Amino acid sequence: MTASPDLATARTASPDLLRSVFRRHAAGVAVITAAGDSPVGFTATSLNSVAAEPPLVSFGVGVSSSSWPVIAEAEYVGVHILGEHQEELAARFARSGADRFGPSTDWRSGPEGVPVLGGVSAWLVCRVVARVPAGDHRIVIARAEAGDPAGGGRPLLYHQGRFTALRD
């Protein structure tokens, strides 16, 4: 049984409060990609399975992100589930100004021309069905069209502001 919350220490909602609360929430790490004049991609911890029928996923993307202009127009996106061995890949796609698709990134053009990353635990190519305004972000809802879950391995997680792995 857990202790009752101390309501006397409750803080007024703010961006800092939300960040502090969600640092305590472990999240799986994914990379979202899309094809534009040049490929784009970013690290996401907001990936969710929405429905099995039809097969829908969602993720959030900031409208100030360098990837947003391409994601805003993309018909298809790539969704990549990262393994615990891919901390550097996650960091590269999270870093502003990084050469995300440079020589150190294993990728190829996949279904619908979407950049597909190599060595990931699993990937999907999804058709975007909605972009929902949500504050300074958009929630993208997309329908899975193709993919491969065969990469295996244990997932990469994000917790307390850093990448980590499951413990036995």
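Before reading on, note that the structure itself is shown above.
A. Region of interest: the nonpolar core. Ranked by size, the top nonpolar core spans 19 residues in total, and within it Ile32, Ala34, Phe42, Ile71 and Val77 carry the most contacts. Counting only elements with at least two residues in this core, the list comes to β2 (30-34), β3 (40-44), β5 (56-62), α2 (68-73), β6 (76-81), β9 (122-134) and β10 (137-148). In terms of residues, this core owes the most to one element, α2, which gives 4 residues. Each residue touching Phe42, except ones within four places of it in the same chain, is listed here: Ala30, Val31, Ile32, Phe59, Gly60, Val61, Ser67, Ile71 and Phe93.

B. How the structure looks around the pattern of salt bridges. As enumerated under the stated definition, the model contains 5 salt bridges in all. The closest approach of N and O atoms between Arg19 and Asp16, which form a salt bridge, is 2.9 Å. Highlighted residues: Arg19 and Asp16, both in helix α1 (residues 15-22), separated by 3 residues, approximately one helical turn. Judged by relative accessible area, which is 46%, Arg19 ranks as partly exposed. Note on Asp16: relative accessible area 47%, which makes it partly exposed.

C. Examining the sheet that holds strand β12 (residues 162-165) more closely. Reading across from one edge, β1-β11-β12 is the order of the 3 strands in this open sheet, with antiparallel pairing throughout. Either end of the sheet is taken by a strand with one partner, and the two such strands are β1 (27-28) and β12. As judged from the 2 bridges shared by β1 and strand β11 (residues 156-159), these two strands associate in the antiparallel manner. Its bridge partner being in β11, Gly28 is matched across the sheet by Leu157.

D. Fine view of the pairing of β5. Across the 7 residues of β5, 7 count as buried, placing the element largely inside the fold. Because side chains alternate across β5, one face comprises the buried residues Leu56, Ser58, Gly60 and Gly62, and the other comprises Val57, Phe59 and Val61, equally buried. Across 3 bridges, strand β4 (residues 48-51) lies against β5 in antiparallel orientation. The residue of β5 that forms the bridge with Ala51 is Leu56. Sheet analysis places β5 next to β10, joined by 7 bridges and oriented antiparallel. Each bridged residue has a counterpart across the sheet, and for Phe59 the counterpart in β10 is Val140.

E. Quick peek at a nonpolar patch on the surface. The grouping of Leu18, Val21 and Phe22 at the surface amounts to a nonpolar patch, some 300 Å² of accessible area in total. Position of Phe22 among the secondary structure elements: in helix α1.

The rules behind these values
- Residues numbered from 1 in each chain as written.
- Predicted model: local features only at pLDDT ≥ 70, side-chain atom pairs only at ≥ 80, totals over all residues.
- Heavy atoms only, no water.
- Core = buried A, V, L, I, M, F, W, Y, C linked by side-chain atoms within 4.5 Å.
- Buried < 20%, exposed > 50% of the residue type's maximum accessible area, 1.4 Å probe, protein only.
- Helix = DSSP H or I, 4+ residues; strand = E, 2+ residues; numbered from the N terminus.
- Contact = heavy atoms within 4.5 Å.
- Salt bridge = Lys/Arg side-chain N within 4 Å of Asp/Glu carboxyl O.
- Pairing = 2+ DSSP bridges.
- Patch = residues over 30% accessible without salt bridge, like charges linked within 9 Å, V, L, I, M, F, W, Y side chains within 5 Å.
- Areas by Shrake-Rupley, 256 points an atom, 1.4 Å probe, with all protein chains shown as cover.

Everything listed is a geometric property; what it means functionally is a separate question.
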